[in-house]
Amino acid sequence: MSWNDVAFDWNQVRAFLVASEEGSLSAAARALNQTQPTLSRQVTGLEQSLGVTLFERGHRKLQLTAAGLELLEHVRVMGEAANRVSLAASGQSQAIEGRVRITASELMATYCLPRMLRKLREQAPGIVVEVVASDQVRDLIRREADIAIRHAQPGQPDLIARRVGFLRGRIYAARSLLDRVGMPCDFDDLRKQDFVGIDDTAALLDGLAEQGLELHLDQFRVSSASGNCMLQLIREGLGFGFLPMDTGGLFPDLVCVLPDRFNPPIPIWLVSHRELHTSRRIRVVYDLLAEELGTLSETLG
């Protein structure tokens, strides 16, 4: 290999890659925690080093030139390699200190994680935790999180997944709503009621049908992609809704409806990257979460 032929700066390459992926210099600057002028200078510096123009100027949205498109594929490979280097280095860390990023659904992150993290603080005070509360699946391979609590088994071979227990799904309604429409006695009574939906209500309907509950899309007159927002919509009496019983049971203004008829299991998967799983600090957090989530599962029966 001719090392003298490598005449560019990795930081400039990274700026080009992130700008291409994000679609604008401002979004790329935010992603890299930089100012837009700094990132723009890095992209310009790369163009000067390589002697090519990477982006068409004068457009609101970044547009790659033919040269930029050709280089992008090579730069993506470099980015993935750099990411693997970072992962390997993190995996060799044996200090019980440093940052660990945990992602979980909004409801799990809000109502279950805090008491678990209090115990972690007592056992390993040197660990700094960042909680990514999101109902969207985060990419562990791209380091959007170190550990994920999910409700479906991941399919990526580079991830380690352990099923640590189950929650139970239940139907809940506000007491104020039940005062108006009455307590349902069976599934037929629910086919005339309003419901609170999620971002993918069509998929929800398929899952409900598997449980014997046949509903129609027009019954879902309000919906939200946010778990916390959905919870508040249910509490306001805007419709019946579906919640894990560990969350719904926290609110005295909510009533569990037909628990003997509707009680599906919700698996709890604890997920980490294969290389990160060798990091001592991440292992400590992973093991504590596995124990606490398992205890939660046993409590709910």
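Structure first, text after, so check above.
Residues numbered from 1 in each chain as written. Predicted model: local features only at pLDDT ≥ 70, side-chain atom pairs only at ≥ 80, totals over all residues. Heavy atoms only, no water.

## Things to note about a nonpolar patch on the surface
The grouping of F8, W10, L50 and M78 at the surface amounts to a nonpolar patch, some 300 Å² of accessible area in total. The residue M78 is located in helix α4 (residues 66-91) in this model. (Patch = residues over 30% accessible without salt bridge, like charges linked within 9 Å, V, L, I, M, F, W, Y side chains within 5 Å. Areas by Shrake-Rupley, 256 points an atom, 1.4 Å probe, with all protein chains shown as cover. Salt bridge = Lys/Arg side-chain N within 4 Å of Asp/Glu carboxyl O. Helix = DSSP H or I, 4+ residues; strand = E, 2+ residues; numbered from the N terminus.)

## Overview of the pattern of salt bridges
Opposite charge on two side chains lets them pair, provided their charged atoms get close. For the structure on display, the rule yields nine salt bridges. Notably, a salt bridge pairs E73 with R76, separated by 2.9 Å at the nearest N-O pair. A residue pair is termed a helical-turn pair when its members lie 3 or 4 positions apart in one helix, as E73 and R76 do in helix α4 at three residues. R76 gets classed as partly exposed once you look at its relative accessible area, which sits at 30%. Here R191 makes a salt bridge to D188, at a shortest N to O gap of 1.9 Å. On the basis of relative accessibility, which here comes to 30%, the residue R191 falls in the partly exposed class. Look at D188 and you get partly exposed, because its relative accessible area is 48%. Overlapping salt bridges bring together E21, E73 and R76 as one network. (Buried < 20%, exposed > 50% of the residue type's maximum accessible area, 1.4 Å probe, protein only.)

## Considerations on helix α6 (residues 113-123)
Within an α-helix, residues lying three or four positions from one another point in the same direction, as the helix has 3.6 residues per turn. When α6 is considered as a whole, its buried residues turn out to be L113, M116, L117 and L120. Relative to the axis of α6, the buried residues are bounded by an arc of 95° and lie together on one face. Of the exposed residues in α6, the ones pointing more than 90 degrees away from its buried face are R118, R121 and E122. Looking at the buried positions of α6, the neighbouring elements they touch are β3 (98-104), α5 (106-111), β4 (127-133), β5 (147-150) and α12 (280-300). (Arc of directions from axis to C-beta. Contact = heavy atoms within 4.5 Å.)

From the geometry alone we can't say anything about function, so treat these as descriptive.
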